[in-house]
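Residues per chain, in single letters:
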Amino acid sequence: MRKISNKRAQSIKAKQRATITFRMNILFFSIFILFTILILRLGFLQIVKGEDYTRAIERTEEVAVNTSVPRGRIFDSEGRILVDNKPQRAITYTKVQTTKAEEMYKTAKKLSNLIVKKTDNITKRDLQDYWLYVNEEEAQDLITDEARNKILSDEELSKKEKNIAIDRLIRSKISDEQLNSFTPEELEVIAIYRDMASGYALSPQIIKGDDVKDPVTVEEFAQVSERLGELSGVNTTTDWRRVKNSSLAILGSTTSPKEGIPNDRLDYFLSRDYTRNDRVGKSYIEQQYEEVLQGQKSVVKNITNGKGNVIDVQTVYEGEPGKDLVLTIDSELQLEMETIFEKKLIEMKKNAGTKYLDRAFLVMLDPYTGEVLSMVGKQIGKDSVTGKQTVNDYAFGSFTTAYEVGSTVKPATLLTGYREGAVSVGDVLIDEPIRIKGSQPKSSVFNRNSRIALNDLEALERSSNVYMFKVAYSIAGRTYQPNQSINFGTDAFSKMRNGYAQLGLGVPTGIDLPGEVSGVMGGVEDGQLLDLSIGQYDTYTPLQLAQFVSTLANGGSRIKPHVVKEIREPSVDGTQFGTLVKEIEPTILNTVDNTRAEIERVRQGMQRVYFGNNGSARRAFSNAPYTAAGKTGTAQSFFYDAAQGKSFQTVNLTHIGFAPYDNPEIAYAIVVPWASEASVYESNYTSALAREVVDKYFEIQKKNDVLKENESSSTPTIKPAFTNDKIDEEETE
């Protein structure tokens, strides 16, 4: 093996040392350069940019906060105010992210010396919170070290869960005597703190002012305003609440700040930049048009420093009040109709057999536009305090409840028969008792035993059940034979119900109000087809009946009903309406598959109901100073008496009509469910009620026409409410 010389080995080592030295020099030089750059950068930041970054640190957090604006107002069709906003003084508190309980208690104590705060909403937990705050050291001695260590040593619990368990155990040891030891002054502090803590960071929370029974006094408002500098987070402002000039239930209601957003719609509203304590519409018009009425809330930016304290507030967006709604309902007409129905309901209740009578409905529409001119629902109840009988508004029942309506569906049966080729215009059929094997005879009220030849007009005029039965037989492809079994099949039910649906029966009307029902559809049992043809099977709402008769009145177009006529910008001067944003145009849902001649034939039959020699409503309408047409209805029904656990046979009374005949202005439907027990039923008195309703409409319309002729300006102006009634919805809660 060749040996490396000594000299050569030394040379190699020298080269290695030189290389290492060179690399070390490069490394040290690089480190020197980096430190030099770092020092220069730090110097630049401190000397040149120091002040800028210091200011930036103090303004690092900008949080946008929405504040409420006045809600849009609601007017009737004549420009009268129905729902307004009433301003009220309010004291609010806004906490920031870093606010501690100790700070809020101190502020609450100061505030309690300036205002009187009700304490009836304090909970046991609120009392416990305050006791723990003022007795912090004593609280720790309520549980033993052994009990505390047992919880802390539980490895299955997280740190947060351990703290919760210890807190729960401590609270359980606080005696009722300790919680009942607080003075009235301390209870006020607790009540104020409760409201402070219930709000969210940077979201104003009303401390006093949202309780109409405990308003902020002038003195309280002044005292707090003078000391705002001492009361961190406290502010004095103007809030508002809803006041109605009508008891009409479909106006709806809003939540109070204490209620805030309903839990079942929390995610929906929070995703639209609402805060949890916002007032929102919770029923009917207020709910349906929430996004229009709520308006655009002003947005302010709270600029906080590094400690979370608000150092500046900037307005990002001024906000806009909610838009105003103009309804289709005339409050004068509505009030008159309500008065008529309330009086009639009380009068009817005095008759024999009216144990289950408790409600009555009227819906009046413009048949060409679908505008709801009046919607009346009255229900008998008892005052919860006095126990005396009261009559309450139940207008929403006209589209949320459904009933058997009887013979008022016969025009729909006849039109369906025309459409299906089951009967032709002018056909004559024999009215006779219908005898079905195994069943009791079915006959018309006016003919229990004879055989009477009737055409289609006479069938409507006299309200022939048998004529409609035979139309139903024909729709099913069958011919009536005495004492035979029946087998109609399901197709006949489909044809009949599809025909009814075209006219508005058994399907949603599409009204711009929440909660509408379609009624109850029965099965397809053979024997029930005949009952279906005379309105004794499926159930319909009063609003569906009104849409149905409107379809007949206008010649075959099913129009979507609506209660809002216009949406307008808020008034600028308080005397004239704001700019028109949207006018609700008529919406045709469908056109009936009947010829104009067929529809006109049915209309003629309905006119004979009022003016024919044998018309079922002749007694009420024969001397009317206007032309009109209608149809009466009586339906067997059942009322379930929960107290007795069984059903009782009753009678529903109905009436539909339109006027004037040639160019209808109104179409109306009246429904009086469970008007009488079947055993004592005497007559249908809805015809007289319908006459009174129509007379009153034309009386008011004539007066309004004269007033409009005398108006000097065409600019829509805001008018005072028709009545002086003021209903503060927060007072009624």
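Residues numbered from 1 in each chain as written. Predicted model: local features only at pLDDT ≥ 70, side-chain atom pairs only at ≥ 80, totals over all residues. Heavy atoms only, no water.

Considerations on the sheet that holds strand 10 (residues 372-382)
The strands making up a sheet associate through hydrogen bonds between their backbones, and the pairing can be parallel or antiparallel. As a reminder, the rule being used: DSSP bridges decide pairing: two strands pair if at least two such bridges lie between them. Each helix is a run of DSSP H or I of at least 4 residues and each strand a run of E of at least 2, with the numbering of both proceeding from the N terminus. Every axis corresponds to a line fitted to the C-alpha atoms, with the helix fit spanning only the stretch in contact, and the corresponding angles, defined between N-to-C directions, vary from 0 to 180 degrees. Working rule for contacts: check all heavy atoms of both residues, and any pair within 4.5 Å makes them a contact.
The strand order across the open sheet built from 6 strands is 11-10-9-20-19-18, with neighbouring strands paired in antiparallel fashion. Lying at the two open borders of the sheet, with one neighbouring strand each, are strand 11 (389-393) and strand 18 (629-641). Looking at each pair of strands side by side, their axes are set apart by 15 degrees on average, direction ignored. Sheet analysis places strand 10 next to strand 11, joined by 5 bridges and oriented antiparallel. Bridge pairing in strand 11 places lysine 382 opposite glutamine 389. On top of the sheet, helix 22 (residues 596-611) reaches strand 18, strand 19 (646-659) and strand 20 (666-677); it is set at about 80 degrees to strand 18, its chief contact.

Some thoughts on the pattern of salt bridges
Our working definition: We define a salt bridge as a side-chain nitrogen of Lys or Arg found within 4 Å of a carboxyl oxygen belonging to Asp or Glu. Throughout, exposure labels follow a simple rule: accessible area from a 1.4 Å probe, protein chains only, divided by the maximum for the residue type, with under 20% read as buried, over 50% as exposed, and the rest as partly exposed.
Evaluated as defined, the whole model comprises 36 salt bridges. Glutamate 102 is the salt-bridge partner of lysine 106, the closest N and O atoms lying 3.5 Å from each other. Placement of the pair is lysine 106 and glutamate 102 together in helix 3 (residues 101-112), with a separation of 4 residues, close to one helical turn. Taking the relative accessible area as the measure of exposure, lysine 106 reaches 49% and is therefore partly exposed. The partner of glutamate 226 in a salt bridge is arginine 227, and the shortest N-O contact between them spans 3.6 Å. By relative accessible area, which is 62% here, glutamate 226 ends up exposed. Residue classification places arginine 227 among the partly exposed positions, given a relative accessible area of 31%. What emerges from the salt-bridge pattern is a single network uniting Asp76, Arg80, Asp330, Glu332 and Lys703.

Some words on a nonpolar patch on the surface
Test applied: Patches here: salt-bridge-free residues with over 30% relative accessible area, like charges joined within 9 Å, nonpolar side chains (Val, Leu, Ile, Met, Phe, Trp, Tyr) joined within 5 Å. Here the Shrake-Rupley method, with its probe set to 1.4 Å, supplies the accessible areas, and only the displayed protein chains count as covering residues.
On the surface, a nonpolar cluster with roughly 880 Å² of combined accessible area is contributed by Ile20, Met24, Leu27, Phe28, Ile31, Phe35, Leu38, Ile39 and Leu42. Residue placement: isoleucine 31 occurs in helix 1 (residues 6-48).

As for the side chain of asparagine 447
Here is the rule: Polar contacts, as counted here, are pairs of nitrogen or oxygen atoms within 3.5 Å of one another; within protein the pair requires one atom able to donate a hydrogen and one able to accept it, and residues that are adjacent in sequence qualify only if both atoms are side-chain atoms.
Tracing the chain through its elements places asparagine 447 in the loop between strand 12 (428-431) and strand 13 (452-455). Judged by its relative accessible area of 3%, asparagine 447 falls in the buried class. Among the polar contacts listed, one links the side chain of asparagine 447 to the side chain of aspartate 431, at a separation of 2.9 Å.

Description of the packing of aromatic side chains
Short version of the rule: Ring pairs are drawn from Phe, Tyr and Trp, using the six-membered ring of Trp, whenever the two centres fall within 6.5 Å, and their geometry is named by plane angle: stacked under 30 degrees, edge-to-face over 60, tilted for the rest. We call a charge positioned over a ring when the NZ of a Lys or the CZ of an Arg lies within 6 Å of the ring centre and within 35 degrees of the ring normal.
Taken as a whole and assessed by the stated rule, the structure comprises 24 aromatic pairs. Plain terms: the ring middles of tyrosine 268 and phenylalanine 269 are 5.1 Å apart, the flat faces sit at 80 degrees to each other, and that makes the pair edge-to-face. Given a relative accessible area of 31%, tyrosine 268 falls into the partly exposed group. On the basis of relative accessibility, which here comes to 2%, the residue phenylalanine 269 falls in the buried class. Look at tyrosine 356 and phenylalanine 648: their rings are 5.6 Å apart centre to centre, the planes differ by 25 degrees, and that puts the pair in the stacked class. Here tyrosine 356, found in the loop between helix 14 (331-349) and strand 9 (359-365), pairs with phenylalanine 648, found in strand 19; they are 292 residues apart in sequence, far enough to count as distant. Three or more aromatic residues link up through ring pairs in this structure, and these residues are Tyr284, Tyr356, Phe361, Tyr394, Phe396, Phe399, Tyr403, Phe639, Phe648 and Trp674. The lysine or arginine in question, arginine 279, covers the ring of tryptophan 240, its NZ or CZ lying 4.5 Å from the ring centre.

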